[in-house]
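Close look at the chain arrangement
Chain by chain, the residues run as shown.
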Amino acid sequence: MISLLSSVISHIPGWDVFFQAGIALLIPLAVSRIYKALYSLVGSGRAVESPGSSAKKRKGQSDAPVSPPPQARQGFSGNYAADLQSIKSAIGRNSDLHFKEFTITRLQKQAVLIYVDGMQNDRILNLQIMQFLMLEATADSFSPSGSAGQQLPFSQLSEASDLADFNKSVLYGYAGLLIEGLPQGLLIQPPEGDSRSLDEPVSEALLRGPRLGFSESLNENTSILRRQGRSDQLEMVTHRAGNRIQKDLVIAYMKDIVNPELLREVESRISKLDIDFLAESGYIEQLIEDNYLSPFQQVQNTERPDRVISALLEGRIAILLDGTPFALIVPVTFSMLLQSPEDYYERWLPGSLLRMLRFAASFLALMAPALYISFISFHPGLIPTELALSIIETRQGVPFPSIIEVLILEVSIEILREAGIRLPKPVGQAMGIVGGLIIGDAAVNAGIVSPFLVIVVAVTAISSFSIPMYSAGITLRILRFVGMGFAALLGMFGTILFFLMICSHLTKLKSFGVPYLTPVSPFRARDWKDLFFRAPLALMKRRPAMMKTQDSKRKS
Amino acid sequence: MCRRLMPLILCLFLLTVTQSGCWSSKEIEDLALYTGLALDTGKLTKAEQELEEQGVTYSKRDKVTATVQIVPVKTPGMEKKGGPQPLHYLNISGTGDSVFEIFRQYSIRNERPIVGHHLKIIVVSTELLKRQSMEQLMDFVLRDNDIRPSTMVFISQSRAEETLVSKRTDEIPSFHLRDMIQGQKRTSKVMKPVILSELDALMHAKRSYALQNLVTADGETEFTGAAVVKGDTGHWIGTLSQEDTECLSWLTNKSKAGAIKAYDQDNEPMTYEMKDMKSKIKARIDGDDISFDVSIKTEGRLIETWNSSSDADSTEYTEKVEHIFGAKLEKMTEKMMEKLQKEYKADVAGFGDALSIQYPRVWKKVQDHWDDTFSRSKINIKYDLKINDFGSFTE
Amino acid sequence: MFTRTDDRITATQAAVFLNNTVLGAGILTLPRSVSEAVKTPDSWLSVLLGGVIVMAVVTLMVKISQQFPGKTIFQYAGTIVGRVPGAFLCLLLIIYFLIIAGFEIRSLAEVTLFFLLEGTPIWAIILPFIWVGSYLVYGGINAIARVFQIIFPISIMILLICYGFSLRLFDINNLRPVLGSGILPVLSGLKSTVLVYTGCEVVMTLVAFMQQPRQAVKAMLVGIGIPIGLYLLTVVMVIGGVSIDSAITSTWPTIDLIRSFEIPGFLFERMEFPLMVIWLMQMFCNFCSFFFQASLGISQIFRLRVHTVIYLLVPVIFISTMVPKSVNELFSLGDMIGKAGIVLFLLIPLMLSVIWLIRTKGLKQHV
């Protein structure tokens, strides 16, 4: 008994172990504390609640009005002079605003056409609208009982009963019409600003596939989507967002495919957008994503209409914002970031090969420098003898440990890449060559880095370029540096921990309720035929199971 | 307050971790890889002698001289292109009575610590193996965490350190020796290499075994024959000749290649090239007597004959030649068995294995003194040699 | 429901979960421990036999768990044997889980220190590992099951590739004679083989989380069958590759087997690198599973929030990791765990089911 007791006592670890145990407790507590603090700090202005808050709280909050209380509505009085005066006092100071007052001859009524310079086709404005209004319009057209819109021969005509709305629309580019005796403003002829011609998307170039990308105009973008084919199920719903400057955004989906619950979720998040101005769809992306502290993007952005339409057919939802060629697709899974529309346009064997190549490339882009560090600095015993010998020979005279060496080259490559985007195209290419080839060679000759490392870094850089999504490439770049840190600290063990951490994080991550790693995990065998390899089209009879679509069959 | 301090504390902690971290980090170029290890009887090197005269030594008995081959040699600064090629390796030796201590002793002479991850071969000299047992010598090597069990073990007739020296400057002797094993595909005179994990098993089972023998002459090292190590003592007891080794390889099914040369009726040499070979050992128990039936089946072609009068096509001739080769094979095998049973009294040909598989109960009884029992057992050898090919030249 | 918030796992996930809980430290040490006990090449028979026994026990555990749908052992033990004895039993189980978790990390740390990071202080290996583990466990059973699902195919594939390459050393004679000394040594090896299957107690909580508890028997049998098969393969490969004598003498025989050959010209000349990688990942799964079970148990018995329990358990696990003083003590701790495991996982399900049977039968008579 005594011996048992003494052996127990002898096994009680020393104070240092208890100290370490204390640290073991404190660090995760502190980290989670900071995480939560950060979340509530930044998360307050966002459309999504922090994951820490419980479901009950979320319910309570969603009932509360999110948008600021609307300003008091001011309608048209019906008194022509007063209305005109109030419009003038509200927006009359704009020098590009024109008030064209005239008299409708047949009725002898005063009217004013209000428009902004450069937003309207002057010819149409002068010749047709003015001509009609001044000379041809009769009493029938403005009979107070009927709706004005039905009588006037303008295809795009809407009525504005709210003065502030009317003002906004006029300044946005509509031609506004105010007629004596009519208690509302008429908005005829939407803006016709110049837009650029449709180009091939720069960020997602393909060899095979339509050379058509979205442009900055929302109308054009929706029409491009419509022009993809005839369907009565493609539904596009316009929402307005932005507190100070409002912008149109369109939620597009296939009515008979999309999961209604997903649609509701997207709409609710869109309606909760609370920001002055949405400059680009990236604003929306950041405000509606599930976890903003994650390095991984949870919304896909694309310039390609074909990509959008095929996503819609999988049951996803697209969000198009006015003023940007980038449409958003939700929900997104990790594998989507490594897929390119070309996979489907090419035959299935080359498509599958390219896809697997991309998976391998993304692994390299993430892990190669970390592996290099752990092999060079920690585990010379895990590489082949001949390789070890040649590495030793090439690293003779390199004064830095491998982590510094890798950092030097990686950082300069990153800078180079960043510089290449800024520079004009022809110079940029020259820079790439000068930077890549000459700096690499010079660094080797100067004995700062070893030639073997140049290979590793070059392969890493090329691999990260092979990822079809630009923003996914950035994610991998960030994580690469984290991985290098882990490797520099704990070698192979650290690298594995890093991998496990990413796995743990990814499995927890969700994009609009869809686990980020589907179909790998949770395992959905049905979706595997479009994951690492792309099955022949004839075999892809069903839509992805993860989307829980209303209609799961692709074929009749 | 606490909330603001937290990140600060965390940062400080991370800083200390990263500053004191990278504990095991050791750049690969700061390490010296040793690819070969030679163990000899204790003999002080010249440098050591001089040092000892100056009184520089530590408490030890000079039992073992361990030589390691370090690659690659550090070249100062940028290497000049062209010019005479420097040696790619460096051999350093130390003497003492603990292999590990000798290894650590290198560190006071060398700027880079030596690591054994890439050790390829271990050569032990027969002289040393007469005095020390294999278990003693291999103990450190088996315990060490760096050294892989795939390391091959050889025996050297002369001093083992000489095998790690080569006249040619463009090759590393330890790699050269490792690659020479490839010759096994061509001739059975090269044995299947014994790696550390096999040696470990053999030593643990107290079985006798044969290791490839090395001989150096004029700066060149050759594989010749096999060294026999007695299981119960772990000492070297003798060498098998090249032909014996060949027979041994055939008998243990370790090799299918090889050639048999015999003299025909006109005393002209002719050679048989083995294409296929299968041997089988069958134990037979008769009371307390243990005997073995060995059958060797081989097929091959007549590849060379100096006798121009031969009439290769006839069946009669084939039979005659087969008979001559068979007789030669029989003589070779008998010679080897004689040596194993009578001279060395050591079973290195796997008869014990056969018995243990076929009669596990009998084996249990004789296991502890198997080498004795083996030397007394009767062995019948049967041949089946077939020539079914005369090459592409039929005259 | 489009977004799922409930903690339910599919049958596949449950099977993978069980597999990753059981398949762990044993991969590296099983060949030695079983060979030491058996001393003949028949050790693989012991593994097989032990597997059959464990399968029977697992079936029993599933059966009893199915009587209480949606409830874990920590919840239904009290119903069967009464509140206080039930809590005592569950505490025993929790302590057992904690000790295993510590044991797993410690053996991981020992292997890492020996082969990968010589010279690193042990806490620097253990602490990050526990932290990453608790990050995963924090996500609940769904996150854990998903990570397992990622790691499972990778580790199985690489393990099989490693063994495939080790075929070059394989010699069937090393495995012969079969039953040369009769069946007795095989039975004596049974003790140490049952040890490697410790951890299958998680079945008693796992069934509660299953979406379709009716498939539980099948899923759990598959889940335990895979590790049995892999352990069998490990023993066969190691003994066939380096023979029983070498397996007994080396501390980590499987690593030694993989280190016994080089594949010149292959990208990794040395297969121990991938083997170590998947083994570390497998140990991570093991640890997370036990960590999860323990935190779940404590939170259910004492009605605490799981997340609080997870934080509190981190230092406890760390201390339990640091208790063994040497590798030898670690191995003897492993033996003790094995013995405790036999008692616990034979005793608990048997006792519980017997008592349950008596109770229900008794009730029926009353009615």
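For clarity, every value in this text was computed on a predicted model and none was experimentally measured.

Cut-offs and rules
Residues numbered from 1 in each chain as written. Chains lettered and ligands numbered in written order. Predicted model: local features only at pLDDT ≥ 70, side-chain atom pairs only at ≥ 80, totals over all residues. Heavy atoms only, no water. Helix = DSSP H or I, 4+ residues; strand = E, 2+ residues; numbered from the N terminus. Rg over C-alpha atoms; globule rule 2.2 N^0.38 Å. Buried < 20%, exposed > 50% of the residue type's maximum accessible area, 1.4 Å probe, protein only. Contact = heavy atoms within 4.5 Å. Areas by Shrake-Rupley, 256 points an atom, 1.4 Å probe, with all protein chains shown as cover. Salt bridge = Lys/Arg side-chain N within 4 Å of Asp/Glu carboxyl O. UniProt positions renumbered as here; feature names shortened; annotations may be inferred. Patch = residues over 30% accessible without salt bridge, like charges linked within 9 Å, V, L, I, M, F, W, Y side chains within 5 Å. Lys, Arg positive; Asp, Glu negative; His and termini not counted. Charge placed at Lys NZ, Arg CZ, Asp CG, Glu CD. Domains from an automatic or database assignment. Buried area = accessible area lost by both parts, 1.4 Å probe. Polar contact = N/O pair within 3.5 Å; in protein donor to acceptor, adjacent residues only side chain to side chain. Nonpolar A, V, L, I, M, F, W, Y, C, P; charged D, E, K, R; others polar. 1 Å grid on protein atoms, 1.4 Å probe; cavity = no way out; pocket = protein on both sides within 12 Å on 5 of 7 lines; lining within 4 Å. Points joined across faces, edges and corners; volume = space filled by probe spheres on them. pLDDT = per-residue confidence, 0-100. Expected span 1.5 Å × (residues − 1). Bend = angle between axes of the 7 residues up to and from the residue.

Looking only at helices and strands, chain C has 14 helices and zero strands in total. The C-alpha atoms of chain C give a radius of gyration of 21 Å, which matches the 21 Å a tight globule of 367 residues would have. When its C-alpha atoms are laid out on the principal axes, chain C stretches across 70 × 45 × 45 Å. Expressed as a percentage of its 367 residues, the buried residues of chain C come to 63%. Put simply, 85% of the contacts in chain C that link residues at least 6 apart link residues at least 24 apart. For chain C, the exposed area adds up to about 13,000 Å²; of that, 69% sits on carbon and sulfur atoms.

Using the criterion set out here, one finds 41 salt bridges over all chains in the structure. A salt bridge links Arg178 of chain B to Glu386 of chain A; its shortest N-O distance comes to 3.0 Å. Taken together, the residues Arg178 of chain B in helix 7 (residues 173-180) and Glu386 of chain A in helix 14 (residues 385-395) connect one chain to another. For Glu386 of chain A, a relative accessible area of 38% translates into the label partly exposed. Here Glu27 of chain B ties to Arg395 of chain A by a salt bridge, and the two come within 3.2 Å at their closest N and O atoms. Taken together, the residues Glu27 of chain B in the loop between helix 1 (2-20) and strand 1 (32-41) and Arg395 of chain A in helix 14 connect one chain to another. Glu27 of chain B gets classed as buried once you look at its relative accessible area, which sits at 7%. Through salt bridges that share partners, Lys120 and Arg148 of chain B together with Arg259, Glu262, Arg270 and Glu272 of chain C make up one connected network.

Take the UniProt feature "transmembrane region" (unreviewed entry) in chain A next. Residues and elements named next belong to chain A. When the UniProt feature table is mapped onto this chain, "transmembrane region" (unreviewed entry) is found at residues 317-338, 359-378, 452-471 and 478-502. Counted over residues 317-338, helix gives 0% and strand 41%. Its end C-alpha atoms are 19 Å apart. Counting secondary structure, residues 478-502 comes out at 100% helix and 0% strand; the distance between its end C-alpha atoms is 12 Å.

The next subject is a positive patch on the surface. Residue and element names in this part refer to chain B. A contiguous patch of positive charge on the surface is contributed by Lys256, Lys278, Lys280, Lys282, Lys297, Lys382 and Lys386. For the positive patch, the secondary-structure elements that each account for two or more residues are strand 12 (269-286) and strand 14 (378-389). Among the elements that line the positive patch, the one with the most residues is strand 12, at three residues. Within the secondary structure, Lys280 is located in strand 12.

Right, let's talk about the side chain of Glu272 of chain C for a bit. Summarising the element assignment, Glu272 of chain C is placed in helix 12 (residues 272-302). You can call Glu272 of chain C buried: its relative accessible area is 4%. The contact partners of Glu272 of chain C, leaving out residues within four places of it in the chain, are Gly381 and Leu382 of chain A, Arg148 of chain B together with Ile258 and Arg259 of chain C.

The next subject is the domain arrangement of chain A. All names here are of chain A. With domains assigned, chain A is organised as domain 1 (80-187), domain 2 (218-332) and domain 3 (350-515). A straight line from the C-alpha centre of domain 2 to that of domain 3 covers 34 Å. Each partner contributes to the interface: domain 2 provides 19 residues, whereas domain 3 provides 14 residues. Roughly 1,400 Å² of surface becomes buried between domain 2 and domain 3 when both sides are summed, with 69% attributable to carbon and sulfur atoms. Sorting the residues of domain 2 by area buried against domain 3 places Pro295, Phe296 and Gln297 first, and these three jointly supply 38% of that buried surface. The tally of links between domain 2 and domain 3 comes to zero salt bridges. Here domain 2 and domain 3 share seven residue pairs in polar contact (both at pLDDT 80 or more) between them. Elements represented by at least two residues in the side of domain 2 that touches domain 3 include exactly helix 9 (260-271) and strand 8 (300-302). Ranked by the residues each element gives to the side of domain 2 that touches domain 3, the list is headed by helix 9, at four residues. By residue class, the composition of the side of domain 2 that touches domain 3 is nine nonpolar, six polar and four charged.

This next bit is on empty space enclosed by the protein. Residue and element names in this part refer to chain A. In the structure shown here, the tally under the stated rule is three cavities of 30 Å³ or more. Of the voids in this model, the second largest cavity is the one considered here, and its volume is about 60 Å³. Lining the second largest cavity are Phe296, Phe334, Leu337, Leu338, Ser362, Ala472, Thr475 and Leu476. Per element, the largest residue contribution to the lining of the second largest cavity is three residues, and it comes from helix 18 (residues 470-508). Its residues assigned to classes, the lining of the second largest cavity comprises six nonpolar, two polar and no charged.

So, about the interface of chain A and chain C. Taken together, the 54 residues of chain A in the interface contact 48 residues of chain C. Contact between chain A and chain C buries roughly 4,600 Å² in total, counting both sides, with carbon and sulfur atoms accounting for 72%. For the chain A face of the interface with chain C, the top three residues by lost area are Leu382, Phe493 and Lys508 of chain A, together amounting to 14%. Remark: the boundary between chain A and chain C carries zero salt bridges. Only helix 2 (15-43), helix 9, helix 13 (348-378), helix 14, helix 18 and strand 12 (514-515) of chain A provide two or more residues apiece to the side of chain A that touches chain C. The dominant element in the side of chain A that touches chain C, judged by the number of residues it contributes, is helix 18 of chain A, at 13 residues.

Below, the discussion takes up the confidence of the model for chain A. Reading fine detail from the predicted coordinates is not recommended where pLDDT is low. All names here are of chain A. Of the residues in chain A, 88% have a pLDDT of 70 or more, and the chain-wide mean is 81. Between the elements of chain A, mean pLDDT differs from a low of 38, seen in helix 3 (residues 55-63), to a high of 92, seen in strand 9 (residues 317-321). Here residues 50-70 is a poorly scored stretch, pLDDT under 50, and it has eight contacts once near neighbours within four places are set aside; other chains count.

The partner chain C presents 32 residues to the 24 residues of chain B that form the contact. Roughly 2,300 Å² of surface becomes buried between chain B and chain C when both sides are summed, with 51% attributable to carbon and sulfur atoms. Our enumeration of links across chain B and chain C arrives at three salt bridges. Between Lys120 of chain B and Glu262 of chain C there is a salt bridge, and its shortest N-O distance comes to 2.9 Å. In this structure, the connection of chain B to chain C is made through 16 residue pairs in polar contact (both at pLDDT 80 or more). Among the secondary structure elements, those contributing two or more residues to the side of chain B that touches chain C are helix 8 (196-204), helix 11 (351-358) and helix 12 (360-366) of chain B. For the side of chain B that touches chain C, the element with the highest residue contribution is helix 8 of chain B, accounting for four residues.

Another point: helix 7 (residues 140-165) of chain C. The periodicity of an α-helix, 3.6 residues per turn, causes residues three or four places apart in sequence to face the same way. All names here are of chain C. End to end, helix 7 covers 38 Å across 26 residues, agreeing with the expected 38 Å (1.5 Å per residue, within 8%). At Ile151, helix 7 shows its largest kink, close to 25°, and the proline Pro153 lies no more than four residues downstream. Counting buried residues along helix 7, 19 of its 26 residues qualify, which places the element largely inside the surrounding structure.

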